[in-house]
Amino acid sequence: MSKKPNFPVKPPPVDASNVLAQEHTAQVHLEKGRYRDAIAVYKTLLKTERRPEWLAALASAYAGRAKGLAAKGLLEEGIALWRSRAELCGAPLWEGPYAGWLISAGRVADVLDYLSGLRTSDATHADGLANEAFTRLEAQLAAALLVASDDTLARLPADSLLLLHRPAALAAFGAYSGNDAPALENALAKLPFRSPYRDLRSLLKGLVLWETDQESARSALARLPPDGPFEQLAAPLRTVLSAGTERLQLWATLNGSQQAMALDLLGCPPAFTPLLRALAEANASLAPAALFDLVQRHARDLPKPFATAVWQWLAPWATRRGCDNPRMFGSPTRAAQECATALAVEISGEWDHAETHWSDAADQLFASGDALDRLRAALVLRHMALSPAHLSSDGLLDPEGVDMLERSLAFDAKDCAAQIRMAQHWRRIGNLKRAREQVDVALTHFGDDAGVLTEAVETALAAGSFKKAATTARRLLALDPLNRKVRTLLGNAHLSHAVKQLATAKPDSAKKEILEAATWLDSAADQGRMYLLQAWAEVGGSAERLRLARLAASTWGGGLAAGWRLLREAQSVFVRFDRQRGLLLLNEAGLTAATELTVEEVLELVQALELTEPSSRKGMDPLAPWRPAIGKVASMPVLEANHLERICEAFSRHKMHDLLEKFANTARKRWPDQPIFVYHAVAARFFVERAIKSKRDFQDLENAGISARALKDMRLVMRIEALIEDDETRFGFADAKLSPIAMPNLPFDLSKLPPAALRAMMEASISLGSEKAFLNNARRDLGEAVYQQVERESAGNHKLFVSRILDHVVDLLSVAVGSAPPAVPVKSDKNTPPAPGQGSLFDE
């Protein structure tokens, strides 16, 4: 019987749509990292057709799956998958991480066998790529062969660089462990650049430098490849060279031995490991109280001194049981407990209660007798002195703050910031003798400190010692040539001296000072001031005087702002300064007292006011020629709210209360919901009338405070509260029928004396030796701010200073006697003779 012929079996037809769907599914699995599913789909596709792109995709899937297993520590599984990748996909076996996995799995012999075969092949020296792979594989083996057994080393040929350079590498490790720097340098010098152990040079240098020069250590570490053979040792070093939370995050990614090495480099005991792991796992925004609880759970593992320090850091924030349980962990002293309690109370906002604890803590620290505790007591006292409770609105210390800061300096004289602050305080209140003494003390400790030298310059200027100020400023500029503040101080010192020379009719000396100031000042405002002073140093009516005056006006931009600057400067130069002279000076500079002003001109004036320190000079008001025109601008509808706020702040700063009230009232009508304008309107009337007399004003001010608090404008809230407090503590002279200055009982009616007679009487009293008492009373009656301002403007001229203070007192006295009831002489029936030694009533 004949057999049927065997025809070849045809494969079933492939559904093209199904293949496309499977290919798309495999690509999605591969892109999303689902490598196991991708491997299964690509294997199914390859059974239908062996396409190159499918093979490449299958190789990528195998590689991803193998790397994922190796990252989890399953090295043998990863190695097996890598072999399957090579067999099924035709990919090279010894590429990528395969050799590193074998070394990590302890199969160094397999790598050495492959290296031996690669070395004996003809392609090693003929093919550059093979030679590069050989060198790279040698470098991968370097770290493992440092601890390899003799049997493993016997597989290497005698001329292998791995074998030849191994003793030098081991000697380098031994020298580093023994802290032998010369031996380490000698051993590293035996490792050339082509050595498989070349990365060891950068690693050990980084380990040596990290404690003394971290930047150099980072540079050395940057030369190591991230996947190099010594990465297991480089990772802990890279961790400790990080900072902040990044260090903790990197430390958490290390294995156990690497974490121990990092802690050893930081000088931390291994007992810190559980706490650090808990911190690494905790939320980065962990609340302080929760952090306190976390540390408490691991406190037994911490050394006693460190646990005490941690308690001091965290206890004030753990409101529930932090400061109430000082022995919870650590052993804080009684003074440390008091400091933590004080800080906890201060955090809660109860400053008065906190200050009591701070004071007790300072006393306990001082009583301990320890030198470090004295420094801590100084720090506590300085913290108390510089708290808002002891500072005025302009930063001046109250008497308690002065006492605490002086005690702080007695405990720690080398506190530079406190020395400067103390000198600033004495200078600002006008006690220049104490200021100079404080500066001298600071200079003995910090002779080259820029802050101390700057304060020395300002103190010398306040005392009128222009030459001393210039000498000190030059000394400071030699240390800090770019210190713009000192250059400005030095230039202004020369200009102040020039003003003094002009006021005493010494134009030639004034010109020298102006030329000296020109080397330090370069701003437009200062340039204009120098041109103006140069003009006034020339002969009146000369062409040069007119040219310089007009140049000054043009440098200042002309218009209202330039005119105000000119008249303000004239107040300090001309002893007798009135409206007629002011108009004459404006005419010289080509300026006029305009009757109509624009918003832009007023804003230019505001900018000038913002850049200029307030003053209280006698004589003509610098804004007098323009005040009616400025008042008209307040009602212009083109003014925006931000413009009006700037204008009000500038007028308030310079105590121009009448203009401030006009602009603030206009703004209140247009923007009644903005509390800042209510504050300015009420404050303007308060400083004129010395009290908030209207109940409506008081109610509006309280409502403005509520609105400001709702808007979270705490600065405005504080200003409103200060104004209300001033009103409560200020005497209501009009209501109480009292005058600001207590009037003596005299046998004549003082209110009928003209101001000239009052001034003559006071000058006679001063000439009889009562100048010191007069100045002390004037400081009390005029106020510290006015007194200091007049002192600065007098530029060291004592006679001018006394004369200007006298002008202020006569003005104030004229107002006082006008509101005081007339003195009624007391009639007596008996003519009682004076007691022995009493003399006559008018006997000085």
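Rules of the game
Residues numbered from 1 in each chain as written. Predicted model: local features only at pLDDT ≥ 70, side-chain atom pairs only at ≥ 80, totals over all residues. Heavy atoms only, no water. Helix = DSSP H or I, 4+ residues; strand = E, 2+ residues; numbered from the N terminus. Buried < 20%, exposed > 50% of the residue type's maximum accessible area, 1.4 Å probe, protein only. Contact = heavy atoms within 4.5 Å. Areas by Shrake-Rupley, 256 points an atom, 1.4 Å probe, with all protein chains shown as cover. Salt bridge = Lys/Arg side-chain N within 4 Å of Asp/Glu carboxyl O. Phe/Tyr/Trp six-rings, centres within 6.5 Å; stacked < 30°, edge-to-face > 60°. Axes fitted to C-alpha atoms, helices over the stretch in contact; angles between N-to-C directions. Parallel < 35°, antiparallel > 145°, perpendicular 65-115°, else oblique. Left-handed = near helix turned anticlockwise from the far one by under 90°. Nonpolar A, V, L, I, M, F, W, Y, C, P; charged D, E, K, R; others polar. Expected span 1.5 Å × (residues − 1). 1 Å grid on protein atoms, 1.4 Å probe; cavity = no way out; pocket = protein on both sides within 12 Å on 5 of 7 lines; lining within 4 Å. Points joined across faces, edges and corners; volume = space filled by probe spheres on them. Core = buried A, V, L, I, M, F, W, Y, C linked by side-chain atoms within 4.5 Å. pLDDT = per-residue confidence, 0-100. Polar contact = N/O pair within 3.5 Å; in protein donor to acceptor, adjacent residues only side chain to side chain.

Engineer: An account of the overall build of the protein chain is requested, with residue identities and associated values reported.
Structural biologist: When helices and strands are tallied, the protein chain shows 45 helices and 0 strands. Sorting the 844 residues of the protein chain into buried and exposed places 42% on the buried side. In the protein chain, the proportion of contacts linking residues at least 24 apart, taken out of those at least 6 apart, comes to 57%. Total accessible area on the protein chain is roughly 46100 Å²; 55% of this is exposed by carbon and sulfur atoms.

Engineer: Which residues make up the pattern of salt bridges, and what values go with them?
Structural biologist: Going through the model one piece at a time under the given rule, you end up with 27 salt bridges. Glu338 serves as the salt-bridge partner of Arg334, at 3.4 Å between the closest nitrogen and oxygen. With Arg334 and Glu338 both in helix α21 (residues 334-347) and 4 residues apart, this pair spans about one turn of that helix. Since its relative accessible area comes to 6%, Glu338 is described here as buried.

Engineer: Which residues make up the packing of aromatic side chains, and what are the values?
Structural biologist: Within this structure, the stated rule accounts for 5 aromatic pairs. Considering the side-chain rings of Trp536 and Phe574, the 5.1 Å spacing of their centres and the 65° angle between planes classify their relative orientation as edge-to-face. Here Phe574 lies in the loop between α33 (559-573) and α34 (579-588) and Trp536 lies in helix α31 (residues 524-536), a separation of 38 residues in the sequence.

Engineer: Pulling in residues and values, what's your account of the packing of helix α13 (residues 198-209) against helix α15 (residues 231-240)?
Structural biologist: Two numbers describe how α13 lies on α15: the axes approach to 10 Å, and their chain directions differ by 30°. As judged from the angle between their axes, α13 and α15 are roughly parallel. Viewed along their axes, α13 and α15 form a crossing whose handedness is left-handed. Judged by residue contacts, Leu203, Gly206 and Leu207 of α13 engage Leu233, Ala234 and Leu237 from α15. Its residues assigned to classes, the contact of α13 with α15 shows 5 nonpolar, 1 polar and no charged.

Engineer: Give me the lowdown on helix α25 (residues 416-428), citing residues and values where you can.
Structural biologist: A rise of 1.5 Å per residue sets the reference length of α25, with its 13 residues, at 18 Å; its end C-alpha atoms lie 18 Å apart and thus fit the reference within 8%. Three or more residues of α25 are buried, namely Cys416, Ala418, Gln419, Ile420, Met422, Ala423, His425, Trp426 and Arg427. Trailing α25 by a residue or two, Gly430 shows a phi angle of about 90°, which is positive.

Engineer: Got a sec to walk through the layout of surface pockets? Specific residues and values, please.
Structural biologist: Considered as a void within the structure, the second largest pocket measures approximately 1200 Å³ in volume. Every residue lining the second largest pocket is counted, 33 residues in all, and those nearest its centre are Gly100, Gln140, Asp227, Gly228 and Pro229. Among the elements of the structure, α5 (98-104), α6 (108-120), α8 (128-145), α13 and α15 are those that each provide at least two residues to the lining of the second largest pocket. Looking at the lining of the second largest pocket element by element, the count peaks at 8 residues for α8. Taken together, the residues of the lining of the second largest pocket break down into 21 nonpolar, 6 polar and 6 charged.

Engineer: Quick one: what's the story with helix α18 (residues 273-281), residue by residue and with numbers?
Structural biologist: Buried within α18 we find Thr273, Leu275, Leu276 and Ala278. On its buried face, α18 sits against α16 (245-253), α17 (256-266) and α19 (288-297).

Engineer: Any details on the nonpolar core? Residues and values, ideally.
Structural biologist: Tyr42, Leu141, Leu145, Leu162, Tyr197, Leu203 and Leu237 are the most contacted members of the largest nonpolar core, which has 87 residues in total. Take this core: its biggest share by element is 11 residues, from helix α3 (residues 52-71). Aside from chain neighbours lying at most four places away, what touches Tyr42 is Ala26, Gln27, Leu30, Trp54, Ala57 and Leu58.

Engineer: Kindly report on unusual backbone geometry, identifying the contributing residues and their values.
Structural biologist: Positive phi is not limited to glycine here, since Ala505 has a value of about 60°. By the element assignment, Ala505 lies in the loop between α29 (484-503) and α30 (507-518). Judged by relative accessible area, which is 64%, Ala505 ranks as exposed. At Lys712, a residue that is not glycine, the phi angle is positive and equals roughly 60°. Assignment of secondary structure puts Lys712 in the loop between α40 (695-710) and α41 (714-729).

Engineer: Give me the confidence of the model for the protein chain: which residues, what numbers.
Structural biologist: Here the protein chain averages 79 in pLDDT, while 86% of its residues score no lower than 70. Mean pLDDT per element in the protein chain: helix α42 (residues 733-736) is the minimum at 35, and helix α26 (residues 432-445) is the maximum at 92. Note on residues 122-129: pLDDT under 50 across the span, and 7 contacts to partners over four residues away in sequence or across chains. Of the regions scoring below 50 in pLDDT, residues 834-844 engages in 3 contacts with residues more than four places distant in sequence or in other chains.

Engineer: An account of the packing of helix α38 (residues 657-670) against helix α39 (residues 675-689) is requested, with residue identities and associated values reported.
Structural biologist: Working note: a packed helix pair is described by the angle between its axes plus the distance between those axes. Remark: α38 packs on α39, axes separated minimally by 8 Å, with the N-to-C direction vectors making an angle of 150°. Compared by their axis directions, α38 and α39 come out roughly antiparallel. Between α38 and α39 lies a crossing of left-handed hand. Residues His657, Leu660, Glu661, Ala664, Asn665, Ala667 and Arg668 of α38 form the contact with α39, whose own contacting residues are Phe677, Val678, His680, Ala681, Ala684, Arg685, Phe687 and Val688. By residue class, the composition of the contact of α38 with α39 is 9 nonpolar, 3 polar and 3 charged.

Engineer: Give me the lowdown on the environment of Leu237, citing residues and values where you can.
Structural biologist: Within the secondary structure layout, Leu237 lies in helix α15. Overall, Leu237 belongs to the buried group, its relative accessible area being 0%. Here the alpha-carbon distance between Leu237 and Ala262, two residues 25 residues apart in the chain, equals 6.7 Å. When sequence neighbours within four positions are dropped, the list of residues in contact with Leu237 reads Leu203, Gly206, Leu207, Trp210, Leu221 and Leu265.

Engineer: Kindly report on the side chain of Ser408, identifying the contributing residues and their values.
Structural biologist: Looking at the element boundaries, Ser408 is found in helix α24 (residues 399-411). Within the structure, the side chain of Ser408 is placed 2.7 Å from the backbone oxygen of Ala378, a separation counted as a polar contact. Apart from the residues within four sequence positions on either side, Ser408 is in contact with Ala378, Leu381 and Arg382.

Engineer: Give me the environment of Gly206: which residues, what numbers.
Structural biologist: Tracing the backbone shows Gly206 in helix α13. The class for Gly206 is buried, based on a relative accessible area of 0%. Measuring from C-alpha to C-alpha, the distance between Gly206 and Ala217 comes to 4.3 Å, with 11 residues separating the pair along the chain. With residues up to four places along the chain from it excluded, the contact list for Gly206 reads Ala217, Ala220 and Leu237.

Engineer: Explain the environment of Glu649 to me, and be specific about the residues and the numbers.
Structural biologist: Inspection of the secondary structure puts Glu649 in helix α37 (residues 641-653). When its relative accessible area of 22% is taken as the criterion, Glu649 is described as partly exposed. C-alpha of Glu649 to C-alpha of Phe677: the two residues are 28 residues apart in sequence and 9.8 Å apart in space. Residues in contact with Glu649, not counting those within four places in the same chain, are Ile676, His680, Arg715 and Arg719.

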